[in-house]
Amino acid sequence: MNKPTSAIVGGAAGVSVLSVALLLIEVETRSRIGLFAVVARFVGVPGNQALGFLLFVAAGTIAWPLVFVALEAYLPLGPDPAIRGVGFALPLWVAFVLLGRGELSGAILIVFGVLTLFAHVAYGFTLGAVYGRLSGETEARRPMPAYPDEE
Amino acid sequence: MFPALQATLAESIAAILVVGALLFGAGWLSRTIRSDGRGGARGRAGSRANGRNRAGDASRSDGGTRASRLTRLRARLPYDPIRWLTTVNHRDVGTLYFAFALVAALWGGTDALMIRTELLTPGTTVWDEQTYNALFTTHGLTMLFFFVTPAFTGVANYFLPLFVGADEMAFPRVNALAFWLLPPSLLLVRAGLVTEVFGKAVAALGPRLEVLFLLEPPTTGWTMYAPLSIMQANPQVDLMLLGLHLSGVATILGAVNIIVTVLVDRDPEVTWATIDILSWTLFTTAGIILFAFPVLGSALVMLVMDRNFGTTFFLVEGGGPILWQHLFWFFGHPEVYILVLPAFGLVSLILPKFAGRTLFGFKFIVYSTLAIGVLSFGVWAHHMFATGIDPRLQSSFMAVTLAIAVPSAVKTFNWITTLWNGKIRLTAPMILCIGGVGLFVVGGVTGVVLASIPVDRVLHGTYYVVGHFHFIVMGVIAMMVFAASYYWFPLLTRRMYDRRMARVQAYTLIIGVFVTFFPMLLLGMGGHPRRWAEYASALGVHPTWPVLHWTATGGAAIIGISVTLWLFNVAQSARVGTPVTTGDPWDLKETGQFSREWAWFEERLAERRRRTTSGTEED
Ligand code: HEM
Ligand SMILES: [Cu+2]
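Along each chain, residue indices are assigned from 1 in the same order as the chain's sequence is written. To label them, take the chains in the order written and letter them from A, then take the ligands in the order written and number them from 1. Whole-chain, interface and lining totals are the exception, using all residues; otherwise, since this is a predicted model, local features are given only for residues with pLDDT of at least 70 and side-chain atom pairs are given and counted only at 80 or more. Values reported for side chains reflect all heavy atoms of the structure, with hydrogen atoms and water molecules removed beforehand.

Asks: So what about the overall build of chain A? Which residues, and what values?
Replies: Only runs of H or I of at least four residues qualify as helices and only runs of E of at least two qualify as strands under DSSP, and these elements are numbered from the N terminus. Looking only at helices and strands, chain A features six helices and zero strands. Listing the helices and strands of chain A from first to last along the sequence gives α-α-α-α-α-α. Only protein chains enter the accessibility calculation, which uses a 1.4 Å probe. A residue is then buried if its area is under 20% of the maximum for its type, exposed if over 50%, and partly exposed in between. Each of the 151 residues in chain A was classed as buried or not, and the buried ones make up 48%. Should any heavy atoms of two residues lie within 4.5 Å, those residues are counted as being in contact. In chain A, the proportion of contacts linking residues at least 24 apart, taken out of those at least 6 apart, comes to 67%.

Asks: I'd like a rundown of the overall build of chain B, residues and numbers included.
Replies: When its secondary structure is counted, chain B shows 21 helices and zero strands. Of all 619 residues assigned to chain B, the portion counted as buried reaches 51%. Excluding contacts between residues fewer than 6 apart, the proportion of contacts in chain B whose partners are at least 24 apart in sequence is 79%. Surface exposure here means Shrake-Rupley accessible area, sampled with a 1.4 Å probe, where a residue is shielded only by the protein chains that are shown. Accessible area for chain B stands at about 27,200 Å²; split by element, carbon and sulfur atoms hold 69% of it.

Asks: Could you give me a rundown of the coordination of the copper ion (ligand 2), with the residues and numbers involved?
Replies: Each pair of donors in an ideal four-coordinate tetrahedral metal site encloses 109.5 degrees, whereas pairs in an ideal six-coordinate octahedral site enclose 90 or 180 degrees. Keep in mind that water is not among the atoms, so a site may look incomplete; donors are the N, O and S atoms within 2.8 Å of the metal, or 3.2 Å for Na, K and Ca. Around the copper ion (ligand 2), the protein supplies His333(B) (ND1), His382(B) (NE2) and His383(B) (NE2) as donor atoms, at distances of 1.6 to 1.9 Å. One chain supplies every donor to the copper ion (ligand 2), and in sequence these donors are spaced H-x48-H-H.

Asks: Mind laying out the site of ligand 1, listing which residues take part and the relevant values?
Replies: All names here are of chain B. Working definition: residue near molecule or strand if any one of its non-hydrogen atoms lies within 4 Å of it. Taken together, 25 residues are adjacent to ligand 1, and Tyr-132, His-139, Trp-222, His-470 and Arg-531 come closest. Here a polar contact is taken to be a pair of N or O atoms separated by no more than 3.5 Å, where protein atoms must pair a possible hydrogen donor with a possible acceptor and residues adjacent in sequence count only if both atoms sit in side chains. A distance of 3.5 Å separates an oxygen atom of ligand 1 from a polar side-chain atom of Tyr-463. Arg-531 is positioned with one of its side-chain polar atoms (N or O) 2.7 Å from an oxygen atom of ligand 1. Broken down by secondary-structure element, the contributors of at least two residues to the shell around ligand 1 are helix H4 (90-118), helix H5 (129-164), helix H17 (463-487), helix H19 (499-525) and helix H20 (545-576). In terms of residues, the shell around ligand 1 owes the most to one element, H5, which gives seven residues.

Asks: Kindly report on the nonpolar core, identifying the contributing residues and their values.
Replies: Grouped burial of nonpolar side chains is what soluble globular proteins tend to show. All names here are of chain B. Among the nonpolar cores identified, the biggest contains 195 residues, and Phe-145 and Trp-488 are the most heavily contacted of them. Ranked by residue count, the leading element in this core is H5, at 19 residues. When neighbours within four sequence positions are excluded, Phe-145 is seen to be in contact with Pro-150, Trp-222, Leu-244, Ser-247, Phe-293, Leu-296, Phe-331 and Glu-335. Grouping buried Ala, Val, Leu, Ile, Met, Phe, Trp, Tyr and Cys residues that are joined through side-chain atoms within 4.5 Å yields what is termed a nonpolar core.

Asks: Can you explain the packing of aromatic side chains? Please cite residues and give values.
Replies: Aromatic pairing here means that ring centres of Phe, Tyr or Trp (its six-membered ring) are within 6.5 Å. Orientation follows from the plane angle: under 30 degrees is stacked, over 60 is edge-to-face, and everything else is tilted. By the definition in use, this model includes 47 aromatic pairs over all chains. With 6.2 Å between their ring centres and 70 degrees between their planes, Phe125(A) and Phe568(B) make a pair best called edge-to-face. With Phe125(A) in helix H5 (residues 107-135) and Phe568(B) in helix H20, this residue pair bridges two chains. With a centroid separation of 5.7 Å and an interplanar angle of 70 degrees, the aromatic rings of Tyr132(B) and Phe136(B) are classed as edge-to-face. You can see Tyr132(B) and its partner Phe136(B) sitting in helix H5, four residues apart, about one turn around the helix. The residues Tyr132(B) and Phe136(B) share a single accessibility class, namely buried. Connected via pairs of aromatic rings, a cluster forms that spans Phe98(B), Tyr158(B), Phe159(B), Phe354(B), Tyr486(B), Tyr487(B), Trp488(B), Phe489(B), Tyr497(B), Trp586(B), Trp598(B) and Phe601(B). Counted as over-ring charges are cases with an Arg CZ or a Lys NZ within 6 Å of the ring centre that also lie within 35 degrees of the ring normal. A cation sits over an aromatic face here: Arg83(B) above Trp84(B), 4.5 Å from the ring centre. Between the NZ or CZ atom of Arg266(B) and the centre of the ring of Trp272(B), over which it lies, the distance is 4.3 Å.

Asks: Lay out the coordination of the iron atom of ligand 1 in plain terms, naming residues and giving numbers.
Replies: Residues and elements named next belong to chain B. Every protein donor of the iron atom of ligand 1 is listed here as His-139 (NE2) and His-470 (NE2), and their distances to the metal cover 2.0 Å. Taken together, the six donor atoms coordinating the iron atom of ligand 1 and their angles of 87 to 179 degrees define a geometry best described as octahedral. Here His-139, found in helix H5, pairs with His-470, found in helix H17; they are 331 residues apart in sequence, far enough to count as distant. For His-139, a relative accessible area of 14% corresponds to the buried category. A relative accessible area of 13% places His-470 in the buried class. Any coordination sphere not matching a tetrahedral pattern (four donors, all angles between 85 and 135 degrees) or a square planar or octahedral pattern (four or six donors, opposite donors over 155 degrees apart, other angles between 65 and 115) is reported as irregular.

Asks: Tell me what's going on with helix H13 (residues 362-375) of chain B, and back it up with residues and numbers.
Replies: Residue and element names in this part refer to chain B. Over its 14 residues, H13 extends 20 Å from the first C-alpha to the last, a length consistent with the 20 Å expected when each residue adds 1.5 Å. Here H13 has its buried residues at Ile-365, Val-366, Ser-368, Thr-369, Ile-372 and Gly-373. Seen end-on, H13 carries its buried residues on one side only, within an arc spanning 165 degrees. For H13, exposure combined with an orientation more than 90 degrees from the buried face picks out Lys-363, Phe-364 and Val-374. The elements touched by buried residues of H13 are helix H11 (277-308), helix H12 (321-355) and helix H14 (391-419). Here, expected helix span is obtained from the residue count minus one, scaled by 1.5 Å. The arc refers to the directions leading from the helix axis to the C-beta atoms.

Asks: Just give me the short version of empty space enclosed by the protein, but keep the residues and values in it.
Replies: Residue and element names in this part refer to chain B. Two kinds of site are reported from a 1 Å grid over the protein atoms alone, namely cavities, where a 1.4 Å probe fits but cannot get out, and pockets, open sets with protein on both sides within 12 Å along at least five of seven lines, and residues are called lining when an atom falls within 4 Å of a point. Grid points are joined across faces, edges and corners, and a volume is the space filled by probe spheres set on the points. What the rule picks out here adds up to six cavities of 30 Å³ or more. Reported here for the largest cavity is a volume of approximately 140 Å³. What lines the largest cavity is a set of 16 residues, and nearest its centre among them are Phe-152, Thr-153, Ile-258, Thr-285 and Ile-289. Sorting the residues of the lining of the largest cavity by element identifies H5, helix H10 (236-264), H11 and H12 as the ones contributing at least two each. A per-element tally of the lining of the largest cavity places H5 first, with five residues. For this classification, Asp, Glu, Lys and Arg are treated as charged, while Ala, Val, Leu, Ile, Met, Phe, Trp, Tyr, Cys and Pro are nonpolar and the rest, including Gly, are polar. Looking at the lining of the largest cavity residue by residue, the class counts come to 11 nonpolar, five polar and no charged.

Asks: A description of the pattern of salt bridges should follow, citing residues and the corresponding values.
Replies: Residue and element names in this part refer to chain B. The working definition used for a salt bridge is a side-chain nitrogen of Lys or Arg within 4 Å of a carboxyl oxygen of Asp or Glu. Following the criterion strictly, the structure yields 10 salt bridges over all chains and no others. Asp-92 is the salt-bridge partner of Arg-83, the closest N and O atoms lying 2.9 Å from each other. Close ionic contact of Glu-269 with Arg-596 constitutes a salt bridge, the shortest N to O distance being 3.7 Å. One end of the pair, Glu-269, is in the loop between H10 and H11; the other, Arg-596, is in helix H21 (residues 596-611), with 327 residues separating them in the sequence. Members of the salt-bridge network, linked through shared partners, are Asp-267, Glu-269 and Arg-596.

So, in structure tokens, the structure goes:
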């Protein structure tokens, strides 16, 4: 599969993981965090949760993966695309926490930070791993040899 | 006219439509798969003619190699979903158990970290009391029934046949069934959360469906003491009880399979005298399950009836709340040995491998395992010293409880002696074994302290108990799950994990467990009550309490980091780790510790080698 398409498939997988993780966080915290509002604030349409979520999915599936492909060669922590994906997701998480935090304060901010960090790392890793597998990047770089110790 | 009724009507119709669509989809899928299994003949021009011909395979001109579109699609997926849904192979089922246990562990672990966050501040500032109660309830249930039990059942499924030289488990289909009962039971126990996830997802995009928000997470505690568990109106409690019952059925099915496999499917070479230590413990554990879980099942049914059908088993006019405690703990104490015996078995298996010596006192370890199996049923009332049951009863239970400490001490002694003069290699699994034994000593000693009636009266409702049992559940049980995952990683994935990262992980885990749970012992001795969301208003708040809680939470964060390291290492190494090319990745042959599962692995590698002549092999 070519690189952009693999990245988009990877992005779709990553966004699914990320959305499920965020939903679980939301429910588990009995909506104390209000993640949908966070998402809406993050993508710049505060108050409109449905639109916010759609924009969020679109960005995670198409925009970020394409940026990822464009930047791939320059990203640190290579050559494994999955690790690069994690590095790629970290700035996204910083933006997410800064822009989305809203009125949260105190101890709950720690939970918010840590759990969303996990969700973003999972996004980056999935994006990179799926992309690497589909585009052949991973296999090409670390082949599984057929028993080299054979004499 | 009836707006409320209309709303529920609309929701019911919506629900029926959704269920209908799902059923329709499932039917379509299964039909496609079935026709797919007949070689995808439906798509071809000539297929109409032999459509009625049941032996369609014979009529295929291509000899059955041409795959349908669905088959080709499946082949391109990294994992074949149909295979994983329908497998009855013991190793596949074992792998499914591992995956399930992992999900549950992460879920329950999140609960634990959230509990600790609440306790950062003396007031209820993070979650409310209701949420806090729900958190420790679901944390306990998830960890005990859906993390540890499945993890060890997975070990049994994967490795028991290899150890006793059987081709398969005795009843492969029962085995698969036993596994597939678990996901629905987990969903039932935590149903409120799941329906809420759907509710929130729908609400984010449009309407808020109130039915999906009906179920509140249960707040009974994992012991579900009557009368509280009878009085709570929350319908989710009923689902939880049914879910637990279902998980009990699954566990019993698994246990029957283990017992029959060991009894009848052994290789003639493997006699009772030569069965290895892990199989002994798994076998004993299965025996305990067979006697303990039916009691839980019955008690749960009685509780459901008390809640819904007006029976009075656990009400004062019936048997009374104490009856619940007797039944529950008659199951509950053996349950803690169901969890810990396989962990002991893993210590006894893995520790000698990296000490370069055979297990010291093999026979005594087996005897002590069997002794624990029997005695574990005779100590249940030590959980009830604080309820004011008859003093004569109490003292006899105290005696038996002290007696059951002996076989555990025998094991500990034998492990330490195995290390004596050994050629110790500090690999990650070995570090975890040694750390686990050390932490188990703390857990065991604090347990003996609690066995003394007057001490228990004072400490029963405090954090001391929480500290004590976590030194065991986290300190040795979870620790050995990690150790086993490293020890068998090459066999499971044909790749090696990152050893340095694993060693760092092992050390951080040991430190984290100690830092988390030691402060709880101190809190308990200071009289800090357990299961309290706030301690600002507790009687006699001690100035050290916040500091101790911060320490514990810091330790929990260390555990969290350590688990993340493990997760990363395992995910990454399974993807791109260094391939393992020998059947003896631990150099066990050198010290005469090469065991049957590695022999099997070696054989399999050799077979692959014969098949693959050159080039890179698709994994
Ligand atoms: C990260 C590791 C863990 C942490 C930080 C942790 C923390 C806690 C805390 C603070 C409580 C007490 C809540 C209270 O009394 O107010 C608790 C309860 C409990 N934990 Fe853990 N835990 C951990 C791992 C485990 C594991 C691995 C298991 C079992 C295999 C387990 C089983 C339980 C049980 C059975 C309870 C009692 C629940 C109840 O009172 O109903 N925990 N845990
Ligand atoms: Cu007990």
